[in-house]
Amino acid sequence: MLNILRNTGQEVPKDIRTILHEQKSVRPILEIKNGFYLNLVGIFHSFNGKPGDINEYFGPFINNPNYILAYGIQINNKQINFEVAHIVADAPAKAFLLNVKNHNGYFAYTSYEIKGEYLDRICFLDVSSPLRTNNSFRLKSNAEYHKDGFSPLIDLPIDITKCVVLDYMHCLCQGVMKRLLDFWIKGKKPIRMLEEKKILFL
């Protein structure tokens with residue numbers, strides 16, 4: 001972060017220790033469910049799979065940005081404020097972080113409150129469903145989408161549905177778009193495109 005600020009012309013130190021007025025210190029390694037967590041940049045180690053509890057795992061990380069988001073930092077008597085632009089994770093990690101149903105579930109659509117239909121795979125066909133909003137997410141108004149408990153992200157002053165972005169890798173890069181096109185062009189009649197529209201894709 002300091003390098004980014006320096007590249008924009010800000011006169012900030014190269015090393016965070018200059019700001020904190022401290023030398024290297026031993027960082028505590030926390031034992032959490034299924035593994036160990038080092039709150040330096042968020043390093044998790046385990047022989048037992050992914051973290052067992054998202055709040056226990058992500059809680060230590062949330063505390064740091066919350067303070068900076070609320071108060072910013074002062075460098076050379078200049079106030080620098082911050083905000084969260086985006087939170088990026090692939091589809092399985094995003095579901096874990098949001099504490100919602102997995103990305104291949106019937107109620108897993110990130111953007112809309114909709115139940116999918118099984119047509120070779122889960123498909124979301126209703127284009128008139130209500131949008132998920134920051135408020136509806138925090139209130140868990142679509143109960144089938146959420147798991148027990150809450151996402152640690154509700155403790156951040158962000159619009160969760162806008163900040164946590166769609167997974168570009170799974171949506172496009174891993175062949176999902178190709179499968180969708182095959183589905184729309186060669187699939188079953190209820191979801192197949194009209195013949196006159198296919199020329200746009202062929």
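Please refer to the structure higher up on the page.
Residues numbered from 1 in each chain as written. Predicted model: local features only at pLDDT ≥ 70, side-chain atom pairs only at ≥ 80, totals over all residues. Heavy atoms only, no water.

### Description of the overall build of the protein chain
So, point 1. Check the secondary structure of the protein chain and you find nine helices and seven strands.
So, point 2. Burial analysis of the protein chain (202 residues in total) assigns 28% to the buried set.
So, point 3. Pairs at least 24 residues apart make up 43% of the contacts formed inside the protein chain by residues separated by at least 6 positions.
So, point 4. By element, 56% of the accessible surface of the protein chain is carried by carbon and sulfur atoms, the whole surface being about 14,100 Å². (Helix = DSSP H or I, 4+ residues; strand = E, 2+ residues; numbered from the N terminus. Buried < 20%, exposed > 50% of the residue type's maximum accessible area, 1.4 Å probe, protein only. Contact = heavy atoms within 4.5 Å. Areas by Shrake-Rupley, 256 points an atom, 1.4 Å probe, with all protein chains shown as cover.)

### A word on the environment of K188
So, point 1. Examined against the element boundaries, K188 turns out to sit in the loop between helix 8 (176–186) and helix 9 (195–198).
So, point 2. For the pair K188 and D120, spaced 68 residues apart in sequence, the C-alpha to C-alpha distance is 9.3 Å.

### So, helix 3 (residues 54–71)
So, point 1. Given a rise of 1.5 Å per residue, 18 residues ought to cover 26 Å, and the 26 Å separating the end C-alpha atoms of helix 3 matches this to within 8%.
So, point 2. Along helix 3, the sharpest kink reaches roughly 35°, centred on P60.
So, point 3. Every buried residue of helix 3 is accounted for by I54, Y57, F58, G59, P60, I62, P65 and L69.
So, point 4. Put simply, D53 is the residue that caps the front of helix 3, since its side-chain oxygen is 2.8 Å from the backbone nitrogen of N55.
So, point 5. Immediately downstream of helix 3, the backbone of G72 shows phi near 65°, a positive value. (Expected span 1.5 Å × (residues − 1). Bend = angle between axes of the 7 residues up to and from the residue. Polar contact = N/O pair within 3.5 Å; in protein donor to acceptor, adjacent residues only side chain to side chain.)

### What to know about the packing of aromatic side chains
So, point 1. Counted according to the given criterion, the structure contains five aromatic pairs.
So, point 2. Judged by centre distance (4.9 Å) and plane angle (45°), the rings of Y67 and Y71 are tilted. Of this pair, Y67 and Y71 both sit in helix 3, four residues apart, roughly one helical turn. Accessibility classification places Y67 together with Y71 in one group, the exposed group.
So, point 3. Among the aromatic residues, ring-to-ring pairing joins Y109, Y112 and F124 into one connected group.
So, point 4. Over the ring of Y106 we find K115, and its NZ or CZ is 5.9 Å from the ring centre.
So, point 5. A cation over an aromatic ring shows up here: K140 above the ring of F150, its NZ or CZ 4.6 Å from the ring centre. (Phe/Tyr/Trp six-rings, centres within 6.5 Å; stacked < 30°, edge-to-face > 60°. Lys NZ or Arg CZ within 6 Å of the ring centre and 35° of its normal.)

### Some remarks on helix 4 (residues 91–98)
The α-helix advances 3.6 residues per turn, and as a result positions three or four apart in sequence lie on the same side.
So, point 1. By the criterion of burial, helix 4 is predominantly enclosed, with six of the eight residues buried.
So, point 2. Taken as a whole, helix 4 has its buried residues at A91, K94, A95, F96, L97 and L98.
So, point 3. Buried-residue contacts for helix 4 involve helix 3, helix 5 (134–139), helix 6 (160–163) and helix 7 (168–173).
So, point 4. Its side-chain oxygen placed 3.0 Å from the backbone nitrogen of A93, D90 serves as the N-cap of helix 4.

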